[in-house]
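If you want the building blocks of each chain, they are given just below.
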Amino acid sequence: MQASFMLVSYDDRDIAQAASHLKTLRQAAGISQRELARLLGEHHSNVGFWEPTGNLPNSKVLVPMSKILGVTVADLVGEVKTRRAQPADGRFGQVFDRVSKLPRRQQ
């Protein structure tokens, strides 16, 4: 049985955004491509490839790179942070607070 895979197509803007994101993080840390490569134990051409193409390194490099750049891995890969819902105000907020304090079966 042959599995079918859906190919994800990326817009050129997505690639450019990912590429500029890695470059921006590196520059914000004040590190050159060669210095980042040396700290990672990688060849400088790898960093030179990751930045303009928007491709990310393999997983064994992501954690050390995030520590060097002073960001989380989620920030490094450009994961969008979800916003928490704001608590309700007024009477509805009071009712919600009271209900949320009840045991689960009574809610």
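Residues numbered from 1 in each chain as written. Predicted model: local features only at pLDDT ≥ 70, side-chain atom pairs only at ≥ 80, totals over all residues. Heavy atoms only, no water.

### Points about the overall build of the chain
Thought 1: When its secondary structure is counted, the chain shows six helices and zero strands.
Thought 2: In sequence order, the secondary structure elements of the chain are arranged as α-α-α-α-α-α.
Thought 3: Taking all 107 residues of the chain together, the buried fraction comes to 19%.
Thought 4: Partitioning the intrachain contacts of the chain with sequence separation of at least 6 by distance along the chain shows that 46% fall at a separation of at least 24.
Thought 5: Of the roughly 8900 Å² of accessible surface on the chain, 54% is carried by carbon and sulfur atoms. (Helix = DSSP H or I, 4+ residues; strand = E, 2+ residues; numbered from the N terminus. Buried < 20%, exposed > 50% of the residue type's maximum accessible area, 1.4 Å probe, protein only. Contact = heavy atoms within 4.5 Å. Areas by Shrake-Rupley, 256 points an atom, 1.4 Å probe, with all protein chains shown as cover.)

### Overview of helix α3 (residues 44–53)
Thought 1: Of all the residues in α3, the buried ones are Val47, Trp50 and Glu51. Within α3, the buried residues cover an arc of 95 degrees as seen down the axis, which keeps them to one side.
Thought 2: Phi for Gly54, located one or two positions after α3, is positive at around 85 degrees. (Arc of directions from axis to C-beta.)

### Notes on the confidence of the model for the chain
Thought 1: Averaged over every residue, the pLDDT of the chain is 78; the share at 70 or more is 73%.
Thought 2: Summarising per-element confidence for the chain, the mean pLDDT is lowest in helix α1 (residues 12–28) (71) and highest in helix α2 (residues 33–40) (94).
Thought 3: Every residue in residues 4–10 is under pLDDT 50, and counting partners more than four places away or in other chains gives one contact. (pLDDT = per-residue confidence, 0-100.)

### Notes on the environment of Gly70
Thought 1: As for its position among the elements, Gly70 is in the loop between α4 (59–69) and α5 (73–77).
Thought 2: Judged by its relative accessible area of 63%, Gly70 is exposed.
Thought 3: When the C-alpha positions of Gly70 and Ala28 are compared, they lie 9.5 Å apart, and in sequence the two are 42 residues distant.

### Section: the packing of α2 against α4
Thought 1: One way to put it is that α2 packs onto α4 with a least axis distance of 10 Å and a crossing angle of 125 degrees. With respect to their mutual orientation, α2 and α4 come out oblique. Helix-helix and strand crossings are classified by hand; for α2 and α4 the assignment is right-handed. Residues Leu36, Leu39 and Leu40 of α2 lie in contact with α4, whose contacting residues are Val61, Pro64, Met65, Ile68 and Leu69.
Thought 2: Among the residues forming the contact of α2 with α4, the class breakdown is eight nonpolar, no polar and no charged. (Axes fitted to C-alpha atoms, helices over the stretch in contact; angles between N-to-C directions. Parallel < 35°, antiparallel > 145°, perpendicular 65-115°, else oblique. Left-handed = near helix turned anticlockwise from the far one by under 90°. Nonpolar A, V, L, I, M, F, W, Y, C, P; charged D, E, K, R; others polar.)

### Side note on the side chain of Ser66
Thought 1: The residue Ser66 is located in helix α4 in this model.
Thought 2: The buried category is assigned to Ser66, whose relative accessible area is 4%.
Thought 3: Apart from the residues lying within four places of it in its own chain, the contact partners of Ser66 are Val71, Thr72, Val73 and Leu76.

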